[in-house]
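Letter by letter, the chains look like this.
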Amino acid sequence: MPNFDQQPPAGGGAPTPQGRGGAPGGAPPAGGRGAAPAGGAAPQGRGAAPPAPPSALALKYPWPAKPVLLGTRVKRIDGPDKVTGRAKYTHDINRPGMLYGRIIRSPLPHARIVSIDLSAALKAPGVKAAYNVKEPGAQVMYQGDTVAAVAADTEERTKDAARLVKVEYEALPHFANEEQAMDPDAPVVFMGGNTRPGTAQDVGDIEAGFKQSAHIIEATYYTHVITHVCLESHSIVAEWEGDKLTAWCSTQGVFPSQQGLAMGLGIPAANVRVITQYMGGGFGSKLQAGAEAVIGAKLSQMAKLPVKLTLDRKEEHLDTGNRPSAGAKVKAGVTADGTLTSYQADSWGTGGAGQGVGNLPIPYIYTFPNRKRTHKDVYINSGTQRPMRAPGHPQACFLTEVLMDELADRVKMDPVEFRIKNAPVQVPSAMYRTYLPEGAKLFGWDKRHATGDPTPGPIKTGFGVSVHTWGGGGSGTQAHCDIMADGTVVMKCGTQDIGTGTRTIVALVTAETLGLPITAVRAEIGDTNYPRSGGSGGSTTAPSAMPAIRLTAAKALEALFVKVAPTLGVSADTLVATNGRIHVKDDPTKGVTWKDACKTLGADTISVDHMWEAGLSSVNSSGAQFTEVAVDIETGIVKVKRILAIQDCGLVVDRLTCESQIYGGVISSMNFALYEDRILDRVTGQMVNPNMEMYLLAGMSDIPKIDIILKDMPERGVVGVGEPPTVSLSAAIANAVRNATGAAIRSLPLHPHKILAAIEQQKAGGTL
Ligand code: MOS
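Overview of the structure. (Residues numbered from 1 in each chain as written. Predicted model: local features only at pLDDT ≥ 70, side-chain atom pairs only at ≥ 80, totals over all residues. Heavy atoms only, no water.)

Turning to the pattern of salt bridges, a few remarks are in order. One pass over the structure, following the stated rule, counts 30 salt bridges. A salt bridge links Arg73 to Glu659, with the nearest nitrogen and oxygen atoms 2.9 Å apart. Note that Arg73 is positioned in the loop between α1 (56–60) and α2 (79–84) and Glu659 in helix α16 (residues 655–674), a separation of 586 residues in sequence. A salt bridge links Arg86 to Asp81, with the shortest nitrogen-to-oxygen separation between them at 2.8 Å. Taking the relative accessible area as the measure of exposure, Asp81 reaches 25% and is therefore partly exposed. One network of salt bridges, with partners in common, ties together Arg102, Arg105, Asp312, Glu315 and Asp319. (Salt bridge = Lys/Arg side-chain N within 4 Å of Asp/Glu carboxyl O. Helix = DSSP H or I, 4+ residues; strand = E, 2+ residues; numbered from the N terminus. Buried < 20%, exposed > 50% of the residue type's maximum accessible area, 1.4 Å probe, protein only.)

Spanning 28 residues, helix α14 (residues 541–568) covers 39 Å between terminal C-alpha atoms, matching the ideal 40 Å at 1.5 Å per step. When the local axis directions of α14 are compared, the greatest deviation, roughly 30 degrees, occurs at Val562, which is followed within four positions by the proline Pro566. By the criterion of burial, α14 is predominantly enclosed, with 21 of the 28 residues buried. A positive phi of about 70 degrees marks Gly569, the residue just after α14. (Expected span 1.5 Å × (residues − 1). Bend = angle between axes of the 7 residues up to and from the residue.)

For the rest of this paragraph, the subject is empty space enclosed by the protein. On inspection of all chains with the given rule, the structure shows three cavities of 30 Å³ or more. Computed from the structure, the largest cavity encloses a volume of approximately 80 Å³. Around the largest cavity, the lining is made up of 13 residues, and of these Ser250, Gln288, Gly290, Glu292 and Ala293 lie nearest the centre. Where the lining of the largest cavity is concerned, the elements lending two or more residues are β11 (235–241) and α8 (291–303). When the residues that make up the lining of the largest cavity are grouped by side-chain class, the tally is four nonpolar, seven polar and two charged. (1 Å grid on protein atoms, 1.4 Å probe; cavity = no way out; pocket = protein on both sides within 12 Å on 5 of 7 lines; lining within 4 Å. Points joined across faces, edges and corners; volume = space filled by probe spheres on them. Nonpolar A, V, L, I, M, F, W, Y, C, P; charged D, E, K, R; others polar.)

Right, let's talk about the nonpolar core for a bit. In this structure, Phe626 and Ile733 are the most contacted members of the largest nonpolar core, which totals 106 residues. Within the second largest apolar cluster, 54 residues are counted, among which are Ala58, Cys493, Ala577 and Ala597. (Core = buried A, V, L, I, M, F, W, Y, C linked by side-chain atoms within 4.5 Å.)

Strands pair in a sheet through their backbones, by hydrogen bonds, and they do so in one of two ways: parallel or antiparallel. Taken together, seven strands build an open sheet; the order of strands is β3-β5-β1-β14-β11-β12-β13 and the sheet is mixed. For this open sheet the edge positions go to β3 (127–132) and β13 (272–275), each flanked by a neighbour on one side alone. Strand-to-strand twist in this sheet, taken as the mean axis angle between neighbours without regard to direction, amounts to 20 degrees. As paired elements, strand β1 (residues 99–105) and strand β5 (residues 146–152) share six bridges and run antiparallel to each other. Across the sheet, residue Arg102 finds its bridge partner in β5, namely Val150. (Pairing = 2+ DSSP bridges. Axes fitted to C-alpha atoms, helices over the stretch in contact; angles between N-to-C directions.)

Before going further, it helps to examine the packing of helix α7 (residues 254–265) against α8. One way to put it is that α7 packs onto α8 with a least axis distance of 9 Å and a crossing angle of 55 degrees. Here α7 lies oblique to α8, going by the angle between them. Once α7 is placed against α8, the crossing between them reads as right-handed. Contacts from Gly260, Leu261, Gly264 and Leu265 of α7 reach α8 at Ala293, Val294, Ala297, Lys298 and Gln301. Residue classes in the contact of α7 with α8 are distributed as five nonpolar, three polar and one charged. (Parallel < 35°, antiparallel > 145°, perpendicular 65-115°, else oblique. Left-handed = near helix turned anticlockwise from the far one by under 90°. Contact = heavy atoms within 4.5 Å.)

In this section: the environment of Ala171. Mapped onto the elements, Ala171 comes out in strand β6 (residues 166–171). Given the relative accessible area of 59%, Ala171 is considered exposed. Note: C-alpha distance between Ala171 and Gln139 (32 residues apart in sequence) is 9.7 Å.

This next bit is on the pairing of strand β23 (residues 575–578). Every other side chain in a regular strand lies on the same face of the sheet, so the side chains alternate between the two faces. Only one face of β23 is buried, namely the one carrying Leu575 and Ala577, since none of Val576 and Thr578 on the opposite face is buried. Taking the residues that link successive antiparallel strands as the turn, the β23-strand β24 (residues 581–584) hairpin has two residues, and the phi of Asn579 there is positive, at about 55 degrees.

Pairing is mixed in the open sheet, where four strands are placed in the order β19-β27-β28-β29. The open sheet has two edge strands, β19 (459–470) and β29 (705–711), and neither has a second partner. Going across the sheet, the axis of each strand differs from the next one's by a mean of 15 degrees, ignoring polarity. Alignment of strand β27 (residues 621–632) against strand β28 (residues 637–648), held across 10 bridges, turns out to be antiparallel. When the bridges of β28 are listed, Ala630 appears paired with Lys639.

So, on to the side chain of Asn132. Note that Asn132 resides in strand β3. Among the polar contacts made by the side chain of Asn132, one reaches the side chain of Glu135 at a distance of 3.2 Å. The contacts of Asn132, once residues within four sequence positions are left out, are Ile116, Leu118, Val147 and Ala148. (Polar contact = N/O pair within 3.5 Å; in protein donor to acceptor, adjacent residues only side chain to side chain.)

The final tally for this structure, using the stated rule, is eight aromatic pairs. With centroids separated by 5.4 Å and ring planes inclined at 85 degrees, the aromatic side chains of Phe190 and Tyr379 adopt a geometry described as edge-to-face. Of the two residues, Phe190 sits in the loop between α5 (178–182) and β7 (195–197) while Tyr379 sits in the loop between β18 (370–378) and α10 (393–410), which places them 189 residues apart along the sequence. In terms of burial, Phe190 and Tyr379 fall into one category: buried. For the ring pair Trp445 and Phe463, a centre distance of 5.8 Å and an interplane angle of 50 degrees mean the geometry is tilted. Of the two residues, Trp445 is situated in the loop between α12 (432–443) and β19 and Phe463 in strand β19; the sequence distance between them amounts to 18 residues. The residues Trp445 and Phe463 share a single accessibility class, namely buried. By way of ring pairs, the aromatic residues Phe443, Trp445, Phe463 and Phe626 are connected into one cluster. Over the aromatic face of Tyr278 sits the side chain of Arg503, whose NZ or CZ is 4.6 Å from the ring centroid. A cation over a ring is seen here: Arg642 above Phe443, with NZ or CZ 3.7 Å from the ring centre. (Phe/Tyr/Trp six-rings, centres within 6.5 Å; stacked < 30°, edge-to-face > 60°. Lys NZ or Arg CZ within 6 Å of the ring centre and 35° of its normal.)

A few words on the packing of α10 against helix α11 (residues 415–422). For the pair α10 and α11, the least separation of the axes is 9 Å and the interaxial angle reads 110 degrees. By the angle between their directions, the pair α10 and α11 is classed as roughly perpendicular. Across the interface between the two elements, Glu401, Met404, Asp405, Leu407 and Ala408 from α10 touch Pro415, Phe418, Arg419 and Asn422 from α11. Taken together, the residues that form the contact of α10 with α11 break down as five nonpolar, one polar and three charged.

Written out as structure tokens, the structure reads:
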């Protein structure tokens, strides 16, 4: 059952890492989670624990002041493998005698399983295994919930056999949306009640704040449910050798998946090896072994043959997680000079048949001195949520940033100026007071018109802005470096490249530290046979892995110096490695080539283990995003014309992969605002668009020019940048649409019918 009780208290700093709660090994390092001030109490950075002081080794090997590779534009070392198809994703793995697995899933949103009859399926051609995932008497809680599983020798025969599984259901009452579940007359569908309270919050004197206010806005804001839509669907290839399992998994965490598979199968973790060489997107839905991974491994165990189990698009939408909805009925006040006073919110959200968005970090970023909040998670009969890109932040950002524009309008202040006035105290991880004016200047914000484009004709343009924050700190990763007598360098680390470029930056930092070209280094990652690293979640991968790689490489180099020093007649501590040579620091002529240095190893190999230490990474980042949109008020269609993203991320490891994180993040936020929508039929509870035809994503022609201003802060060390840029564009787009049309836009997605309805409402007297 859901685990709502284990949520952190409101005001505790971190938004709930939903779904990570009771999940085995799924949690990324705690320090890396978003550290936005829940309730706006503390400026960004102050709420988080102070960073640990640098370790002695980190002080000895700080990031280089004059790097050769760090911060440059290094192309992905596996780019050619990817574009030629040599790179093998999980679904590309084929094993001798391999079967194909398939899950039989509930077509109903809520039912009791009366009976499951596998006999016909078991007799079908090619079938080697079938079993009940749930037993008769058990309940299925959503469309797509797992019921049984089958494996046969071809995909077609597996599908045929799956159709032969006879399941009898007794339909039970269900909820397709929050309103149905919150109805006081609704039946109790979920054990423990259909809603679960979050922690209430009451800070300051809310009524006194409203008394001081010149303007008060009372309105309801809402963000919808979307799914992760990884281009590579969830997949496992499982193969047993005796009691040992090898699992090629599409996962964001080989070690968390190892633990999850071990738990799910009831075997020791030491008997499970998980391999993930290439991954086509996870976004939080692949942080741990899902039900499909355990089922694939079980089918393989039963059949004593390897099994491939890859989910189809419909299964992806129904049962691999979603971003929970979040709504808030808000009352907020502002003084005549634009100072925020009181913020009152009753929020809710649904993550399906389990825990929802939890205590949202609202109001987001800005400080209202007086705050009063309640929250409830609402359970409905849909697939359960999983963390999705900065969990809680995109929702909290929208609920707050749209309100901020409305408040700015009330006091007739420019939205940028209004934000600067109310932004938190400036610290390196919260640079809003710098980024907002700088972005406004670069964007040509002075050309923004007041709310409502006066231009005649149906096309109205508008500007919008929004700001965001996220954690993205590091800890704990281990690594192993081998330097061989022939000069070969291998860096091994059990982190994984989830499409972000991790393999490239592992090689980059190794090469930088050893004074070698990146091509001279082999990065081996994505395997539980390598030293332990956490899951790639919470934007923690680079800040966890890069310090580990740097220090492990440095320790290996020290060992090589000890071997080389006597041949040069110097002491080891006078040596440095640059430009493919090892030489005396103050006398570059006194040295040897890397190859010759390694020859001193003879029959030896330098083989060093080390791990992350504090001092080369830090936590929290800030950013601001600006956009210009064109709205056709006759069709309701929004076209994003241009985007400017300002983002800091500490030390830039590889400028190219860093920027590509920001492009991807911005586009995903645009998808959240304009396209994606998980639609459940309100009567049947069935998802009506479980595909990629009616579930919309931006196409190339929808994506405008995206300008990125990357703020280098090398002195802060590495900070994760994956999630922060995914947070705020959706709110900026909504603000731009409102600026264009003059109509209140308070809920996502901004589909044409909603834009048209908002314009009609505004014409009829408006809501402002
Ligand atoms: Mo992310 S939601 O931590 O993959």
